[in-house]
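Structure assessment
In case you want the letters, here they are:
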Amino acid sequence: MSNPIVITVDGTAASGKGTLAKRLAHHFGFAHLDSGSLYRLTALAVIEAGGNPASASDAERGAHAIDLSMANDPKIRTAEMGQAASLVAAVPAVRAALLNFQREFLAHPPGESPGAVMDGRDIGTVICPMATAKLFVDAKPEVRAHRRWLELESLDQGGDEAHILAELKARDLADKSRPISPLKPAPDVFLLDTSDLDIDAAFAAALALVKPKIEGALKALPQG
Ligand code: C5P
């Protein structure tokens, strides 16, 4: 079997990468995985077991106990769970425990799909350096904080936008400065700044960037 086509979408928190990844997957008929949910599920497993997300041994235990059926639970989408996810994500044993699941998903996308889209922080740099097309999505911190505030409002969890901004900046700093799998653009990535783009414009820009590579790879697939 030929290698599946892979689009990686890395970027900062609330940059729009998750929505872009979902829409790209839908456009090309590819499978999609939000890798951030794996770290959020790890944090949830730690907290529900009465553990401490800052403890490496609790975090490692959590990564081996994640419940994928909770991936769409609003409980993992809170700001607190985002912070706890960032703590467990800095633990090497957690990343090692989640690595195979992510690589397996890309090697064998569910539904016999010819390709997969995965969003996260290290997908183009560590999980799949040989990806067909790579995007790195970012936006000004103030714009991202406002988007996150709107998202939390829609979940009835609104809050103080200045506090959300401070948390986003702290999480970006932690994600960019950790020694293992730090958030950084891969050398062969397409950079996309969504600060001045609404989601439709951002999707159009993302599609224009990856389309030539993806269509070329689709054409090269063996027929039949
Ligand atoms: O993308 P999301 O905000 O859901 O990610 C939550 C946290 O999980 C991030 O702040 C980051 O620390 C961690 N993460 C990661 N590597 C990924 C995806 C998420 O370290 N591939």
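Starting afresh in each chain, residues are numbered from 1 along the sequence in its written order. In keeping with the model being predicted, local features are shown solely for residues with a pLDDT of at least 70 and side-chain atom pairs are shown and tallied solely at 80 or more, while totals for entire chains, interfaces and linings include all residues. Note that water and hydrogens are dropped before the side-chain values are worked out from all heavy atoms of the structure.

Comments concerning the side chain of Lys-134
Each helix is a run of H or I in the DSSP string that is no shorter than four residues. Each strand is a run of E no shorter than two, and both are numbered from the N terminus. Position of Lys-134 among the secondary structure elements: in strand β4 (residues 133–138). Under the rule applied, a polar contact is a pair of N or O atoms within 3.5 Å (in protein, one hydrogen donor and one hydrogen acceptor; residues adjacent in sequence only if both atoms are side-chain atoms). A distance of 2.8 Å separates a polar atom in the side chain of Lys-134 from the backbone oxygen of Pro-129. Here a residue-residue contact requires only that any non-hydrogen atoms of the pair lie within 4.5 Å. Apart from the residues lying within four places of it in its own chain, the contact partners of Lys-134 are Thr-8, Gly-124, Cys-128, Pro-129, Ala-186, Asp-188, Val-189 and Phe-190.

Details of the pairing of β4
With 5 of 6 residues buried, β4 lies mostly within the body of the structure. What makes two strands pair is DSSP finding at least two bridges between them. Examined bridge by bridge, strand β1 (residues 5–11) and β4 share 5 bridges and lie parallel to one another. Across the sheet, Asp-10 pairs through a bridge with Phe-136, a residue of β4. Pairing of β4 with strand β5 (residues 190–193) involves 4 bridges; the strand directions are parallel. Residue pairing in the sheet places Val-137 in a bridge with Leu-192 of β5. Exposure classes here rest on a 1.4 Å probe applied to the protein chains alone. A residue is buried below 20% of its type maximum, exposed above 50%, and partly exposed in between.

Topic: the environment of Val-9
When you line up the elements, Val-9 lands in strand β1. Looking at Val-9, the relative accessible area reads 0%, which means it is buried. Counting along the chain gives 127 residues from Val-9 to Phe-136, while the straight-line C-alpha distance between them is 5.9 Å.

Concerning helix α7 (residues 141–154)
Expected span, for any helix, means 1.5 Å times one less than how many residues it has. Relative to the 20 Å expected for 14 residues at 1.5 Å per residue, α7 spans 20 Å between its end C-alpha atoms, a close match to the ideal helical length. Restricting attention to buried positions, one finds in α7 the residues Arg-144, Ala-145, Arg-148 and Leu-152. Projected onto a plane normal to the axis of α7, the buried residues spread over an arc of 100° and lie on a single side. Taken together, the buried residues of α7 touch α2 (36–48), β4 and α8 (161–177). Among the residues trailing α7, Asp-156 stands out with phi positive, at a value near 60°. The directions from the helix axis to the C-beta atoms are what the arc is built from.

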